[in-house]
Amino acid sequence: RIDDADLIIGAGSTAYEGVLRRKPVIVVGEYGLGGLVTPDTFRKHYNNRFRGKINGVRNESFSLENLEKEINKSFNLTFQELQMMSNQTITLQNI
């Protein structure tokens, strides 16, 4: 369950729900490793429907080392940043 998770690694609606619930989200999908959703990358991931790497290609591969780097970065997100992205998601879905 998303509510019980400390970190979400996924794509599409799973990543979207993670952001809504103020969880750190790493986008990994059919277009590869999109990386950690941050206030700086949120809008790009949202517009890309959380499908993977922005401007990536289908079935793009990635290294576990790069995934590990993104996991480590996720520990630096603050609650305020997570709240801000959640609020932006709510605002965008109401447009």
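Keep in mind the model is a prediction, meaning the values are calculated, not measured.

Participant: Can you walk me through the sheet that holds strand β1 (residues 8–10) in this structure?
Facilitator: Strand pairs in the sheet, formed through backbone hydrogen bonds, run parallel or antiparallel to each other. The 3 strands are arranged β1-β2-β3 in an open sheet whose pairing can be described as mixed. Edge positions in the open sheet fall to β1 and β3 (32–36), since each of these has one partner strand only. Taking the axes of each pair of neighbouring strands and ignoring which way they run, one obtains an average angle of 10° across the sheet. With 3 bridges joining them, β1 and strand β2 (residues 25–29) adopt parallel strand pairing. Bridged to G10 within β2 is V27. On the sheet, helix α1 (residues 12–20) packs against β1 and β2 and is oriented at approximately 175° with respect to β2. Against the sheet, helix α3 (residues 64–74) makes contact with β1, β2 and β3, and its axis sits at roughly 20° relative to β3, the strand it touches most.

Participant: It is not clear to me how the nonpolar core should be interpreted in this structure. Could you clarify?
Facilitator: Most often, soluble globular proteins have nonpolar side chains that are buried together. Grouped together as the largest cluster of nonpolar side chains are 20 residues, with contacts concentrated most on V19, V25, V37, F42 and F50. Those elements giving two or more residues to this core turn out to be α1, β2, β3 and α4 (79–93). Apart from residues lying up to four places away in sequence, F50 is in contact with A11, G12, A15, Y16, V19, V27, V37, F42 and H45.

Participant: What am I meant to see in α1 here?
Facilitator: One full turn of an α-helix is made of 3.6 residues, so residues set three or four places apart face in the same direction. Of all the residues in α1, the buried ones are A15, Y16, G18, V19 and L20. Tucked into the core, α1 has its buried residues touching β1, β2, α2 (42–47) and α4. Just downstream of α1, R22 is the residue with a positive phi angle, here 60°.

Participant: Quick question: what am I supposed to make of the pattern of salt bridges here?
Facilitator: Where side chains of opposite charge bring their charged atoms close, a pairing between them can arise. Evaluation of the coordinates by the stated rule reveals 7 salt bridges. Among the ionic pairs, R1 bridges to D4, the shortest N-O distance being 3.9 Å. A relative accessible area of 72% places R1 in the exposed class. The class of D4 is exposed, set by a relative accessible area of 57%. Of the charged contacts, one joins E17 and R21 as a salt bridge, the two residues approaching to 3.3 Å between their closest N and O atoms. On the accessibility criterion, R21 (36% relative accessible area) is partly exposed. By sharing partners, the salt bridges in this structure join R1, D3, D4, E17 and R21 into a single network.

Reading the values: rules and limits
- Residues numbered from 1 in each chain as written.
- Predicted model: local features only at pLDDT ≥ 70, side-chain atom pairs only at ≥ 80, totals over all residues.
- Heavy atoms only, no water.
- Pairing = 2+ DSSP bridges.
- Helix = DSSP H or I, 4+ residues; strand = E, 2+ residues; numbered from the N terminus.
- Axes fitted to C-alpha atoms, helices over the stretch in contact; angles between N-to-C directions.
- Contact = heavy atoms within 4.5 Å.
- Core = buried A, V, L, I, M, F, W, Y, C linked by side-chain atoms within 4.5 Å.
- Buried < 20%, exposed > 50% of the residue type's maximum accessible area, 1.4 Å probe, protein only.
- Salt bridge = Lys/Arg side-chain N within 4 Å of Asp/Glu carboxyl O.

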